[in-house]
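What follows is the residue order along each chain.
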Amino acid sequence: MNITMLYSKLHRATVTEANLDYVGSITIDQNLLDASNMRVGQKIDIVNINNGERFSTYIISGEAGKREICLNGAAARKVQVGDKIIIIAYASMSEEEADLFQPKIVILNDDNTIAQEFKGLK
């Protein structure tokens, strides 16, 4: 049996842009993708701390070092620039894998620089 587990998380990312006229997804700075082990095209959930919205989309890569977190397409209606969001990735794994797996957690500063990184749930 496989179960869905937390794979990684970008915690308290600040939305830098909301682009309604783009064809869906979220653009995330490539450095943040690398730090969190997230992948282009990966399905993720987004939780908006400011308004309580929770929705799913997929990732596209943004320019490394730009610190961009941009919601595109319909998802742009669920955020405002400056909102704090949590970006959550999951993975399906066996119970044995889940017993050993440590999710990657990346906590961000207000400017989307990395404040803290660790593995596992504290």
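Here is a short report on the structure shown in this document. (Residues numbered from 1 in each chain as written. Predicted model: local features only at pLDDT ≥ 70, side-chain atom pairs only at ≥ 80, totals over all residues. Heavy atoms only, no water.)

1. Observations regarding the sheet that holds strand β3 (residues 25-29)
An order of β2-β6-β3-β5-β4-β7-β1-β8-β9 is seen for the nine strands of this open sheet, with the pairing classed as mixed. Strands with a single pairing partner mark the edges of an open sheet, and in this sheet they are β2 (17-19) and β9 (114-119). Strand-to-strand twist across the sheet, computed as the mean angle between neighbouring axes with direction ignored, equals 30 degrees. Of the strand pairs in this sheet, strand β8 (residues 104-108) and β9 are connected by five bridges, and their pairing is antiparallel. (Pairing = 2+ DSSP bridges. Helix = DSSP H or I, 4+ residues; strand = E, 2+ residues; numbered from the N terminus. Axes fitted to C-alpha atoms, helices over the stretch in contact; angles between N-to-C directions.)

2. Overview of the pattern of salt bridges
This structure, assessed with the given rule, holds three salt bridges. Residue Asp-110 is joined to Lys-84 by a salt bridge in which the shortest nitrogen-to-oxygen separation is 2.6 Å. Here Asp-110, found in the loop between β8 and β9, pairs with Lys-84, found in strand β7 (residues 84-94); they are 26 residues apart in sequence, far enough to count as distant. A relative accessible area of 58% places Asp-110 in the exposed class. Salt-bridge contacts for Lys-104 lead to Glu-117; the nearest nitrogen and oxygen are separated by 3.1 Å. Separated by 13 residues along the polypeptide, Lys-104 in strand β8 and Glu-117 in strand β9 bring together distant segments of the chain. What makes Glu-117 partly exposed here is its relative accessible area of 41%. (Salt bridge = Lys/Arg side-chain N within 4 Å of Asp/Glu carboxyl O. Buried < 20%, exposed > 50% of the residue type's maximum accessible area, 1.4 Å probe, protein only.)

3. Remarks on the nonpolar core
Note on soluble globular proteins: their nonpolar side chains tend to be buried together. Core analysis: the largest hydrophobic core is formed by 22 residues, its most contacted members being Ile-26, Ile-28, Leu-71, Ile-85 and Ile-87. Of all the secondary-structure elements, those providing two or more residues to this core are β1 (2-14), β3, α1 (30-36), β4 (43-48), β5 (54-62), β6 (69-72), β7 and β8. If we skip the residues at most four places from it in the chain, Ile-28 touches Leu-10, Leu-33, Ile-59, Ile-60, Ser-61, Gly-62, Glu-68, Ile-69 and Ile-87. (Core = buried A, V, L, I, M, F, W, Y, C linked by side-chain atoms within 4.5 Å. Contact = heavy atoms within 4.5 Å.)

4. Overview of the packing of aromatic side chains
Following the criterion strictly, the structure yields one aromatic pair and no others. A centroid spacing of 5.8 Å and a plane angle of 15 degrees characterise the contact between Tyr-7 and Phe-101, whose relative ring orientation is stacked. Pair noted here: Tyr-7 is in strand β1 and Phe-101 is in the loop between α2 (95-100) and β8, with a separation of 94 residues, a long-range link. Residue class for Phe-101 comes out partly exposed when judged on its relative accessible area of 29%. (Phe/Tyr/Trp six-rings, centres within 6.5 Å; stacked < 30°, edge-to-face > 60°.)

5. Quick notes on unusual backbone geometry
One non-glycine residue, Arg-12, adopts positive backbone phi at about 65 degrees. Tracing the sequence through the fold places Arg-12 in strand β1.

6. What to know about the side chain of Asp-29
Mapped onto the elements of the fold, Asp-29 is located in strand β3. For Asp-29, which is buried and forms no salt bridge, the nearest opposite charge comes from Arg-67, at a distance of 6.6 Å. Engagement of the side chain of Asp-29 in a polar contact is seen with the backbone nitrogen of Asn-31, the distance being 2.6 Å. In terms of polar contacts, Asp-29 uses its side chain to reach the backbone amide nitrogen of Arg-67, at 2.6 Å. Discounting chain neighbours no more than four positions away, the residues touching Asp-29 are Gly-62, Glu-63, Ala-64, Gly-65, Lys-66, Arg-67 and Glu-68. (Lys, Arg positive; Asp, Glu negative; His and termini not counted. Polar contact = N/O pair within 3.5 Å; in protein donor to acceptor, adjacent residues only side chain to side chain.)

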